[in-house]
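Architecture at a glance
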Amino acid sequence: MSRPVLAIHGGAGTILRSQMTTELESEYRAGLEAALRAGWDILEKGGSSLDAVESAVCSLEDNPLFNAGRGSVFTHDGKNEMDAAIMHGSTLRAGAVAAIRGIKNPIKLARLVMERTEHVLLASYGAVEFGEEMNVELADDAYFFTQQRWDQLEEAVAAGRIQLDHGSRPTAGKPFGTVGAVACDAAGGLAAATSTGGMTNKRFGRIGDTPIIGAGTYADDTCAVSCTGHGEYFILGVSAYDVVARMRYKCVPLADAARETIEHLSEIGGEGGLIAVDGNGNFTLPFNSEGMYRGYANNDGIETAIYSERAV
Ligand code: ASP
């Protein structure tokens, strides 16, 4: 028997206490707690890590505060294009979708790719057509529209900048973050899931690290990892798998491996963070940015944190 644990993130970046209102902070914490409860309810009852991470990510996708599903940012041409991936450590199976539109919960479609196709990654129209065949819930443009996201796009276009949702221009009134979850269940089974709207003002067709297995998402029987931050650098650093490789080949514990991965990310110029769990119920949530929306749930309880000064 292992110690079950669930860890989540809601994006990393320039998140400053000085620029956050009490109300907005409460809303973020409530969103993180709801996601932790959704996943922990499953683990507590002896359910699988795969179900737990899917459920936690669905909860965050449905919350317009976070940059995934409903709260996805806009591309340069004013559309929402989403990426998502899920991976099951014990079976080494993964499913991912990239640059998809009009799907309410991309993470559910990623799981269907894993379980109902011979493939790992489906993109764009092909992924959406597969979703329609599988009867996944669709959503129209109005569902994905939030005024804050539109304002962010207009600012980014005016400045000629492609920006991380939680990037260089922090404001408490603006939503932050890609979402992800990692879990270890009572049987020691590991799973990881990540979902995102990507970067504001990104080019049509740009795909980030989230659906690239090994870059933004990875799980095997060593550990499960979900990343958030400037995706191009996580692709170049193969960051999610880098944690696994350090554990496997250097024989270092989870927290050291994950810290080294973030140090390497800094060396290559990337910003962001990751969450990771191993098969013994250890977890770690390192980042090199000002803050990361994050939290965990285990038998000791549920805890959330946002800024860098917190230990969690
Ligand atoms: N990693 C995501 C991407 O580059 C963005 C994020 O984590 O905020 O698409």
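Presented here is an overview of the structure given in this document. Every value quoted in this text rests on a predicted model; they were computed, and no experiment measured them.

Okay, the overall build of the protein next. Helix and strand content of the protein: nine helices and 12 strands. Principal axes of the C-alpha set define a box for the protein whose edges measure 50 × 45 × 35 Å. With 312 residues in all, the protein has 61% of them scored as buried. Taking as baseline every contact in the protein between residues at least 6 positions apart, the subset at least 24 positions apart corresponds to 68%.

Our next topic: the pattern of salt bridges. Working definition: two side chains of opposite charge can pair if their charged atoms are close together. Evaluated as defined, the whole model comprises 14 salt bridges. A salt bridge links glutamate 232 to arginine 206, with the shortest nitrogen-to-oxygen separation between them at 2.8 Å. With glutamate 232 in helix α7 (residues 231–236) and arginine 206 in the loop between β6 (190–196) and β7 (217–219), the pair connects residues that are 26 residues apart, well separated along the chain. A residue is classified by how much of its surface remains accessible, and glutamate 232, at 30% relative accessible area, is partly exposed.

In this section: the side chain of histidine 88. Along the chain, histidine 88 falls in strand β2 (residues 82–88). For histidine 88, a relative accessible area of 17% gives the class buried. Separated by 2.8 Å, the side chains of histidine 88 and threonine 91 make a polar contact. Excluding residues that lie within four positions of it along the chain, histidine 88 makes contacts with Leu50, Arg93, Met114, Leu190 and Ala219.

Procedures and definitions
Residues numbered from 1 in each chain as written. Predicted model: local features only at pLDDT ≥ 70, side-chain atom pairs only at ≥ 80, totals over all residues. Heavy atoms only, no water. Helix = DSSP H or I, 4+ residues; strand = E, 2+ residues; numbered from the N terminus. Buried < 20%, exposed > 50% of the residue type's maximum accessible area, 1.4 Å probe, protein only. Contact = heavy atoms within 4.5 Å. Salt bridge = Lys/Arg side-chain N within 4 Å of Asp/Glu carboxyl O. Polar contact = N/O pair within 3.5 Å; in protein donor to acceptor, adjacent residues only side chain to side chain.

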